[in-house]
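Letter by letter, the chains look like this.
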Amino acid sequence: MKKEFFKISELLEKDSKILDVGCGDGELMKYISENITEDVRGLEISKDNIQKCIAKGLTVIEGDAEKDLQQFPDSSYDFVILSQTLQAFLDPEKVINELLRVGRKAIVTIPNFGHWKVRLNLLFKGTMPITENLPNEWYNTPNLHMCTIKDFVNYCNRRKIKIDCANLSYVNFFSELGIFIIEK
Amino acid sequence: MYKIDKVKKIVIEKPLKLDCGRTIQDFPLAYETYGTLNEKKDNAILVFHALTGDQYASGTNPVTNKEGWWSYALGPGKSIDTNKFFVICANVIGGCMGSYGPSHLDSAGKPFGTNFPVITINDMVNAQYNLLDFFKIDKLFSVIGGSMGGMQVLQFISNFPNKSYSAIPIACTASHSAQNIALNELGRQSIMADYNWENGFYAENKKVPDKGLAVARMAAHITYLSKKGLQEKFGRKLQERDDLKFGFDADFQIESYLRYQGSVFVDRFDANSYLYITRAMDYFDLTKQFNGNLSKAFQNTTSKFFVISFTSDWLYPTPENRDIVIALNAIGKDVGFVEINSDKGHDSFLLNVPDFLNAVRNFLETSYKKIK
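Not measured: the values here are computed from a predicted model. (Residues numbered from 1 in each chain as written. Chains lettered and ligands numbered in written order. Predicted model: local features only at pLDDT ≥ 70, side-chain atom pairs only at ≥ 80, totals over all residues. Heavy atoms only, no water.)

A. The arrangement of the nonpolar core in detail. Counting residues in hydrophobic clusters, the biggest one holds 107 residues, and the most contacted among them are Phe-152 and Ile-182 of chain A together with Ile-93 and Phe-156 of chain B. Two domains each provide a minimum of three residues to this core, namely domain 1 (9-175 + 287-371) and domain 2 (181-277) of chain B. In contact with Phe-152 of chain A, not counting residues within four places along its chain, are Leu-86, Ile-96, Val-108, Ile-110, Cys-147, Ile-163, Phe-180 and Ile-182 of chain A. Formed by 55 residues, the second largest nonpolar core is a distinct cluster that contains Ile-54 of chain A together with Leu-74, Ile-170 and Phe-349 of chain B. (Core = buried A, V, L, I, M, F, W, Y, C linked by side-chain atoms within 4.5 Å. Buried < 20%, exposed > 50% of the residue type's maximum accessible area, 1.4 Å probe, protein only. Domains from an automatic or database assignment. Contact = heavy atoms within 4.5 Å.)

So this is what it looks like as structure tokens:
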């Protein structure tokens, strides 16, 4: 399993109720259901991935986070997880609001555009950065709204969303991935 | 019509109050089973059939000698694996494959015809519930059905919230749409316009409104397919001729195909049953039963739901299936949902659609492991 998923799992509380938004093939959900809580659901847009989730015995709903999160009642989950897809939405702000409405807490991970490799790439090569977390070319990337860890933290502060990030400038320079718990 | 002497039946002695107000009792319910009920009696699945289905879901239908209507999905080693599960399927009341219906004789010894009471999906489900008592099954492992069968799944869970561990409503709706009522009415009017229908009392006069029933089937059959599916299978291909004949014979393959579908249907289906069952579908509105709040229909259930729709189904399109998912999510019930890619229209659930068949198999297998 991806290191990111272990990190996310460490943030979850035992026997809590969890919704994994954009759960992919269900790798994280499966780990959660076996180790943390059986009460875990997924929302996924890809039909192929849904088939993989069903084969793993996971409960998944086909849907698009940008419009289908609205069917879930307020605070109906303890944790809502959004892993590395925030930047791919047409309206990330709306999605963040929905995550915070549906979940008591939301765990959001973002590929950090402020990482030193990304910065050097742009500075010296003068081309759009391609890294492990950002493997696509500018013309075929699904990422519409790239941001840095600093951008995201600043955004949350401005919107009065609770977020914790010590040593922000350091983290923003050295982390390829930002993993945050946010709450209203 | 066929002889239906060899059909398995239970006679339900307990009075059943129908939604129309009338009470029926001592009435037959025809059923078939597949697989073996295990000792713990935890492997039973109740399958509900669609409008023109019957209890012969798999294997050879002993009455028509044709393959059962769900042979792709149900049988030994299939998605609904009868090596593992015990499957019960009953003919709905109002039907014509041995269950109490309009072709049955009344106390005077004449076929009921249109004196048969109007029945509803609720009535069908309440009648079939007696099968649990008959087989002494305390709790089913699953209830499954497509189209009208899916409606019965929803009604069953609503009526008996803790009698099944899981529920798979497929290509259905919680509330029959105006379009579907309209299409059913087209079929009924076609039957009633047949001179031989005789207000529903054709059987006692040894007549069959087969022309009207065939046209009803032809019209309905179109709605089970998709435009793309029809175009790919038939296009403008001609039927055993090199050129148009400038007449009204079946020049096109699609015409010939529909005529054939109509003609074989009248051999196995009763026209009055077609009226009664389509009426039951039209009356189905689970949302209204709960004063406009569908979630309340499922408030008390602990069942694990898996809702399935198909991309090219325009009869019970995805949004109507999704409404069921939304209602369940609104009250935090356990529900999964997938829309399967298929060009085969509403009929997809009856056909060889691998993504669909795999999804059902995987859901049943993984869910069954969990209750073990």
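From this point, things continue past the structure.
B. Highlighting the pairing of strand β2 (residues 40-44) of chain A. All names here are of chain A. When you tally the buried positions in β2, you get five out of five residues, the bulk of the element. Judged by which residues are buried, β2 turns out to be covered on both faces: Val-40, Gly-42 and Glu-44 on one side and Arg-41 and Leu-43 on the other are all buried. Bridge count for strand β1 (residues 18-21) against β2 is four bridges, and the pairing is parallel. Looking at the pairing, Val-21 lines up with Leu-43 of β2. As for the winding sense of the linkage, the β-α-β connection from β1 through helix α2 (residues 27-35) to β2 is right-handed. Chirality of the crossover, the property in question, places the unit of β2, helix α3 (residues 47-55) and strand β3 (residues 59-62) among those that are right-handed. (Helix = DSSP H or I, 4+ residues; strand = E, 2+ residues; numbered from the N terminus. Pairing = 2+ DSSP bridges. Right-handed = clockwise from strand over helix to strand, strands pointing away.)

C. Structural detail: the pattern of salt bridges. Under the criterion given, the structure shown has 26 salt bridges over all chains. Its salt-bridge partner being Asp-39 of chain A, residue Arg-41 of chain A comes within 3.6 Å of it at the nearest N-O pair. Arg-41 of chain A gets classed as buried once you look at its relative accessible area, which sits at 9%. One salt-bridge network, in which partners are shared between bridges, spans Glu-185, Arg-188, Arg-279 and Asp-282 of chain B. (Salt bridge = Lys/Arg side-chain N within 4 Å of Asp/Glu carboxyl O.)

D. Looking closely at the interface of chain A and chain B. Contacts between the two partners involve 18 residues from chain A, matched on the other side by 25 residues from chain B. Both faces considered, chain A and chain B share a buried interface measuring about 1,700 Å² in area, 46% of it formed by carbon and sulfur atoms. A per-residue breakdown of the area chain A buries against chain B is headed by Gln-51, Ile-54 and Gln-71 of chain A, which together make up 31% of the total. Its salt-bridge partner being Glu-339 of chain B, residue Lys-47 of chain A comes within 2.7 Å of it at the nearest N-O pair. (Buried area = accessible area lost by both parts, 1.4 Å probe.)

E. Structural context of the side chain of Ser-76 of chain A. Inspection of the secondary structure puts Ser-76 of chain A in the loop between α4 (65-68) and β4 (77-83). Not counting residues within four places of it along the chain, the set of residues in contact with Ser-76 of chain A comprises Lys-17 and Val-102 of chain A.

F. Summary view of helix α6 (residues 253-268) of chain B. The terminal C-alpha atoms of α6 of chain B lie 23 Å apart, and with 16 residues this matches the ideal 22 Å at 1.5 Å per residue to within 8%. For α6 of chain B, the secondary structure elements touched by its buried residues are α4 (210-224), α5 (227-233) and α7 (271-283) of chain B. (Expected span 1.5 Å × (residues − 1).)

G. Representation of the domain arrangement of chain B within the structure. All names here are of chain B. Each domain of chain B was delimited in the assignment, giving domain 1 (9-175 + 287-371) and domain 2 (181-277). With centres defined by C-alpha atoms, the gap from domain 1 to domain 2 works out at 26 Å. Across the contact, 30 residues belong to domain 1 and 26 residues belong to domain 2. Counting the surface lost from both domain 1 and domain 2, the interface buries some 2,300 Å², and carbon and sulfur atoms represent 62% of this. At the boundary of domain 1 and domain 2, one finds two salt bridges.

H. How the structure looks around a nonpolar patch on the surface. All names here are of chain A. A cluster of nonpolar side chains, namely Trp-116, Leu-120, Leu-123, Phe-124, Tyr-170, Phe-173 and Phe-174, defines an oily patch on the protein surface of about 770 Å² accessible area. Those elements that place two or more of their residues in the nonpolar patch are α6 (116-125) and α8 (168-174). Note on placement: Trp-116 falls in helix α6. (Patch = residues over 30% accessible without salt bridge, like charges linked within 9 Å, V, L, I, M, F, W, Y side chains within 5 Å. Areas by Shrake-Rupley, 256 points an atom, 1.4 Å probe, with all protein chains shown as cover.)

I. Region of the structure containing unusual backbone geometry. All names here are of chain A. Located in the positive-phi region is Lys-160, a residue other than glycine, with phi close to 60°. With respect to the helices, strands and loops of the structure, Lys-160 is situated in the loop between α7 (149-158) and β6 (162-163). Phi angles above zero are rare outside glycine, and Asn-167 is one such case at about 50°. Its place among the elements puts Asn-167 in the loop between β6 and α8.

J. Geometry of the pairing of strand β10 (residues 164-170) of chain B. Residue and element names in this part refer to chain B. Burial analysis of β10 places six of its seven residues in the buried class, which makes it a mostly covered element. Across six bridges, strand β9 (residues 140-146) lies against β10 in parallel orientation. Residue pairing for β10: Val-143 is matched across the bridge by Ala-167. Bridge count between β10 and strand β11 (residues 304-310): three bridges; the pairing is parallel. Opposite Ala-167, over in β11, you have Phe-305 as the bridge partner.

K. Focus on the packing of aromatic side chains. Residues and elements named next belong to chain B. Within this structure, the stated rule accounts for 31 aromatic pairs over all chains. The interplanar angle of 35° and the centroid separation of 5.7 Å between the aromatic rings of Phe-27 and Tyr-100 together place this pair among those described as tilted. Of this pair, Phe-27 sits in strand β4 (residues 27-34) while Tyr-100 sits in the loop between β8 (86-90) and α1 (121-134); the two residues are 73 residues apart in sequence, bridging distant segments of the chain. Taking relative accessible area as the criterion, Tyr-100 reaches 14% and is therefore assigned buried. Grouping aromatic residues by their ring pairs yields a cluster made of Phe-27, Tyr-100, Phe-112, Phe-116 and Tyr-276. Sitting above the plane of the Tyr-165 ring, Lys-139 keeps its charged end 4.2 Å from the centroid. The ring of Phe-265 carries the charged tip of Arg-217 above its face, separated from the ring centre by 4.5 Å. (Phe/Tyr/Trp six-rings, centres within 6.5 Å; stacked < 30°, edge-to-face > 60°. Lys NZ or Arg CZ within 6 Å of the ring centre and 35° of its normal.)

L. Looking closely at the environment of Lys-2 of chain A. All names here are of chain A. Looking at the secondary structure, you find Lys-2 in the segment before α1 (3-11). A relative accessible area of 43% places Lys-2 in the partly exposed class. Along the backbone, Lys-2 and Leu-28 are 26 residues apart, and their C-alpha atoms lie at a distance of 8.6 Å.

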